[in-house]
Amino acid sequence: MYFPSWLSQLYKGLSRPIRRTTQPIWGSLYRSLVQSPQRRNPEFNSFAVRTNTCGELRSSHLGQEVTLCGWIQYRRQNTFLVLRDFHGLVQVVIPQDESAASVKKILCEAPVESVVRVSGTVISRPAGQENPKMPTGEIEIKVKTAELLNACKKLPFEIKDFMKKTEALRLQYRYLDLRSFQMQYNLRLRSQMVMKMREYLCNLHGFVDIETPTLFKRTPGGAKEFLVPSREPGKFYSLPQSPQQFKQLLMVGGLDRYFQVARCYRDEGSRPDRQPEFTQIDIEMSFVDQTGIQSLIEGLLQYSWPNDKDPVVVPFPTVTFTEALATYGTDKPDTRFGMKIIDISDVFRNTEIGFLQDALSKPHGTVKAICIPEGAKYLKRRDIESIRKFAADHFNQEILPVFLNANRNWNSPVANFIMESQRLELIRLMDTQEEDVVLLTAGEHNKACSLLGKLRLECADLLETRGMVLRDPTLFSFLWVVDFPLFLPKEENPRELESAHHPFTAPHPSDIHLLYTEPQKARSQHYDLVLNGNEIGGGSIRIHNAELQHYILATLLKEDVKMLSHLLQALDYGAPPHGGIALGLDRLICLVTGSPSIRDVIAFPKSFRGHDLMSNAPDSIPPEELKPYHIRVSWPTDSKAERAH
């Protein structure tokens, strides 16, 4: 395995301001924190006992005496080895003459992945032995001295990206997994993007980087929070799921522009691809509107975007929540491909198909459809049956597959009741081709759209497994979703309301009157940023009027306002209009790097069950250590032990 020149490309890619520019391979690692005409290259060897990194040596270094430190990647026939560090690989020639027997012994006997320091001369590789795939492939090191810094025991897995390893094993030995090329790339890219974000916000736009407390109090609504015991009986801190209240209070305090790389915590249990602790780019501004926040974030992403990706094009398109649901069946649509939901109710006003008649006879009944491109070619009979079963099991809905070729209506006898005029109108509305398949359903608007939204993604996955390219993996499709509902009915009691996002979100200016008559119809000033079907950010303009905030909390949401008395009091002391947003850093970096899981862009993540497999956290605490916190563990009943007695 050859180690590509990824690090130099990474620094090159992150050294530009906004436009793509042609630069030498070694561009600037960081822009100067203070804008100046001079830029400095990274000093990778300062303060270290090496003279160079393994990945930086080229023909221009021929004849130089160098000292390198790194891990033995592999060794061949005791004649040469490849040395690796964070920067790359270099070939080291093992001396064969008797005068260097001690050096040969060290380099030949040290196990793979041992750490060594070598000193020697940069020489050209023999003619015909150059390796064009390796950035250092024109040179090698003629060793004079070598030192074994630390021998490596037998590894639980090889440090090679192409070696298949279970995620559990990778997390158990995370410190070894971090040596892989992909993890090195992911974490360094993450670091560089965050650095560029800091520069853009703090140096270019006057934001203040402020840390907010980790120990706080329980917040009403939202996700479950982790509790931290205190030494006062019955009193607990909570780990904040976001710095929401603090950043609003900073605006009351006149800081004007706040920013933080914030650690956040949510006790969401065993949810795939979620983390109990995560990081967000947290932002709040005074005297701003929704357009201002959106423009700020577009500029932030454009400025910090890696240069080896296609440039970010701004402004991002915007759709309303209602439009997103009607067109894509979800509030976080993947707009890299079509297959949009089409309303075809008018086509079937006079249909003889029973379930369509029933749906259209109801007040909010509708008929919706999506077109599966070349579905007749790629979908098999069992796929259609699986789609229909999914609709019945999860949505209690019928799905009618319509093939343009009438001989292909598998398991759809009702398709024979589609008149020729309806078929032709369907072809016109759906803009279908001969091999396309139309999936049709009927029912209440939101339910029908949600079902087709799920099937749109399922069918896209299915088509791509069969060889069709629908979603370009190199394309980054950003989208703003706005005008969300301010409230939603509670699942356990639909007559009561809960915040669609959080209770501090301001209502849409046009809908304030609805708060006192029909609050369930009120829209909010919330906005989500979606990338390739993933929500990567969300924010809102906040309520800055104490009376309105109290009314929403106490009257509409029936929350205990005493828990938020500090915030309500602050809003009464001259709070400026303000708004903000938080970007999910883990999810963003995951999408930028094309990683399969957010755990691949976090140095020390938890498993999907919330466990640290390396240290075995969470762990038990002896009862005597719990006494100062006035806590006693109530162990679950062991049913087996009960049966034994």
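Residues numbered from 1 in each chain as written. Predicted model: local features only at pLDDT ≥ 70, side-chain atom pairs only at ≥ 80, totals over all residues. Heavy atoms only, no water.

### Points about the overall build of the protein chain
Short version of the rule: Strands are runs of DSSP state E lasting at least 2 residues, helices are runs of H or I lasting at least 4, and numbering of each runs from the N terminus. Each residue's exposure class comes from its accessible area (1.4 Å probe, protein chains only) as a fraction of the maximum for that residue type: buried when under 20%, exposed when over 50%, partly exposed otherwise. The contact criterion used is simple: two residues touch if any of their non-hydrogen atoms lie within 4.5 Å. Residue burial considers only the protein chains on display, and all accessible areas are found by Shrake-Rupley using a 1.4 Å probe.
Looking only at helices and strands, one finds 18 helices and 21 strands in the protein chain. Relative to its 645 residues, the protein chain shows a buried fraction of 49%. Restricting the contact set of the protein chain to residue pairs at least 6 apart, pairs at least 24 apart contribute 68%. For the protein chain, the exposed area adds up to about 32,600 Å²; of that, 52% sits on carbon and sulfur atoms.

### Section: the packing of helix H5 (residues 181-205) against helix H7 (residues 290-304)
Test applied: Note on method: axes are straight lines fitted to C-alpha atoms, helices fitted across the in-contact stretch only, with angles between N-to-C directions ranging 0 to 180 degrees. Just so you know how the angles are binned, under 35 degrees is roughly parallel, over 145 roughly antiparallel, 65 to 115 roughly perpendicular, and the rest oblique. For any pair of crossing helices, the crossing counts as left-handed if the nearer helix is rotated counterclockwise from the farther one by less than a right angle, and right-handed if it is rotated clockwise. Here the nonpolar group is Ala, Val, Leu, Ile, Met, Phe, Trp, Tyr, Cys and Pro; Asp, Glu, Lys and Arg are the charged ones; every other residue, Gly included, is treated as polar.
It is the contact of H5 with H7, at a shortest axis distance of 8 Å, that shows an interaxial angle of 130°. On the basis of the axis angle, H5 is oblique to H7. As H5 packs across H7, the resulting crossing turns out to be right-handed. Contacts between H5 and H7 involve Met193, Lys196, Met197, Glu199, Tyr200, Leu201 and Leu204 on the former and, on the latter, Leu296, Gly299, Leu300, Leu301, Tyr303 and Ser304. Residues of the contact of H5 with H7, tallied by class, amount to 9 nonpolar, 2 polar and 2 charged.

### Considerations on H5
Applicable threshold: Here the expected span of a helix is defined as 1.5 Å times the quantity of residues minus one.
Given a rise of 1.5 Å per residue, 25 residues ought to cover 36 Å, and the 35 Å separating the end C-alpha atoms of H5 matches this to within 8%. Once H5 ends, the next one or two residues include Gly206, with phi positive near 75°.

### So, the packing of aromatic side chains
Defined as follows: Note on aromatic contacts: the rings of Phe and Tyr and the six-membered ring of Trp form a pair at centre separations within 6.5 Å, being stacked when their planes are under 30 degrees apart, edge-to-face when over 60 apart, and tilted otherwise.
A full pass over the atoms with the stated rule returns 13 aromatic pairs. Measuring from centroid to centroid gives 5.6 Å for Trp305 and Phe478, while their planes differ by 70°, and the two rings are edge-to-face. Taken together, the residues Trp305 in the loop between H7 and strand S11 (318-320) and Phe478 in strand S16 (residues 478-482) connect sequence positions 173 residues apart. Each member of the pair, Trp305 together with Phe478, is buried.

### Considerations on the side chain of Asn52
With respect to the secondary-structure elements, Asn52 resides in the loop between helix H1 (6-13) and strand S1 (65-76). Judged by its relative accessible area of 8%, Asn52 is buried.

### Description of the pairing of strand S21 (residues 578-584)
To keep it simple, the criterion reads: DSSP bridges decide pairing: two strands pair if at least two such bridges lie between them.
The element S21 is extensively covered by neighbouring structure, given that 6 of its 7 residues are classed as buried. Sheet topology note: the strand S10 (residues 277-286)/S21 ladder contains 7 bridges and is antiparallel. Bridged to Ile283 within S21 is Ile581. Judged from the 5 bridges that link them, strand S20 (residues 534-541) and S21 form a sheet pairing that is antiparallel. Within the sheet, the bridge partner assigned to Ile541 lies in S21 and is Gly579.

### What to know about the nonpolar core
Threshold: Take the buried Ala, Val, Leu, Ile, Met, Phe, Trp, Tyr and Cys residues and link them wherever side-chain atoms come within 4.5 Å; each set so joined is a nonpolar core.
In this structure, Ile283, Ile297, Leu301, Phe478, Leu515, Leu529 and Ile552 are the most contacted members of the largest nonpolar core, which totals 56 residues. The dominant element in this core, judged by the number of residues it contributes, is H5, at 8 residues. Apart from residues no more than four positions distant in its own chain, Ile552 is found in contact with Phe487, Pro503, Leu515, Ile543 and Leu557. Grouped together as the second largest cluster of nonpolar side chains are 26 residues, Phe337, Ala376, Ala391 and Phe395 included.

### Side note on the environment of Ile281
Residue position: Ile281 is located in strand S10. When the C-alpha atoms of Ile281 and Val194 are compared, they prove to be 8.6 Å apart, with 87 residues separating the residues in sequence. Every residue in contact with Ile281, bar those within four places of it in the chain, is listed here: Met197, Phe259, Gln260, Val261, Ile581, Ala582, Leu583 and Leu585.

### Overview of the confidence of the model for the protein chain
Fine structural detail should not be taken from predicted coordinates in areas where pLDDT scores are low. Using the following cut-off: The predictor attaches a confidence to each residue, and that confidence, scored 0 to 100, is pLDDT.
With 90% of its residues at a pLDDT of 70 or more, the protein chain has an overall mean of 90. Contacts of residues 14-38 to residues separated by more than four positions or lying in other chains number 68 contacts, the stretch itself having pLDDT below 50. Here residues 640-645 is a poorly scored stretch, pLDDT under 50, and it has 1 contact once near neighbours within four places are set aside; other chains count.

### Points about the sheet that holds strand S2 (residues 80-84)
Read around the closed barrel, 5 strands run S1-S2-S3-S5-S4, paired in mixed fashion. When strand polarity is set aside, the average angle formed by the axes of neighbouring strands in this sheet is 55°. Where S1 meets strand S4 (residues 115-124), 7 bridges bridge the pair, whose relative direction is antiparallel. If you follow Cys69 over to S4, its bridge partner there is Arg117. Across the sheet, helix H2 (residues 101-109) lies against S1, S2, S4 and strand S5 (139-150), angled at about 75° from S5, the strand it touches most.

### A look at the sheet that holds strand S15 (residues 437-444)
An order of S12-S13-S15-S14 is seen for the 4 strands of this open sheet, with the pairing classed as antiparallel. The open sheet has two edge strands, strand S12 (342-343) and strand S14 (400-403), and neither has a second partner. The pairing of strand S13 (residues 365-372) with S15 spans 8 bridges and is classified as antiparallel. Among the inter-strand pairings, Ile370 is bridged to a residue of S15, identified as Leu439.

### So, the layout of surface pockets
Worth spelling out the cut-off: A cavity here means a set of 1 Å grid points, computed over protein atoms only, where a 1.4 Å probe fits but cannot escape. A pocket is an open set with protein on both sides within 12 Å along at least 5 of 7 lines, and lining residues have an atom within 4 Å of a point. Grid points are joined across faces, edges and corners, and a volume is the space filled by probe spheres set on the points.
The computed volume of the second largest pocket comes to approximately 430 Å³. What lines the second largest pocket is a set of 15 residues, and nearest its centre among them are Thr330, Lys332, Lys454, Leu457 and Gly533. A per-element tally of the lining of the second largest pocket places helix H13 (residues 445-465) first, with 6 residues. Of the residues in the lining of the second largest pocket, the class split is 2 nonpolar, 6 polar and 7 charged.

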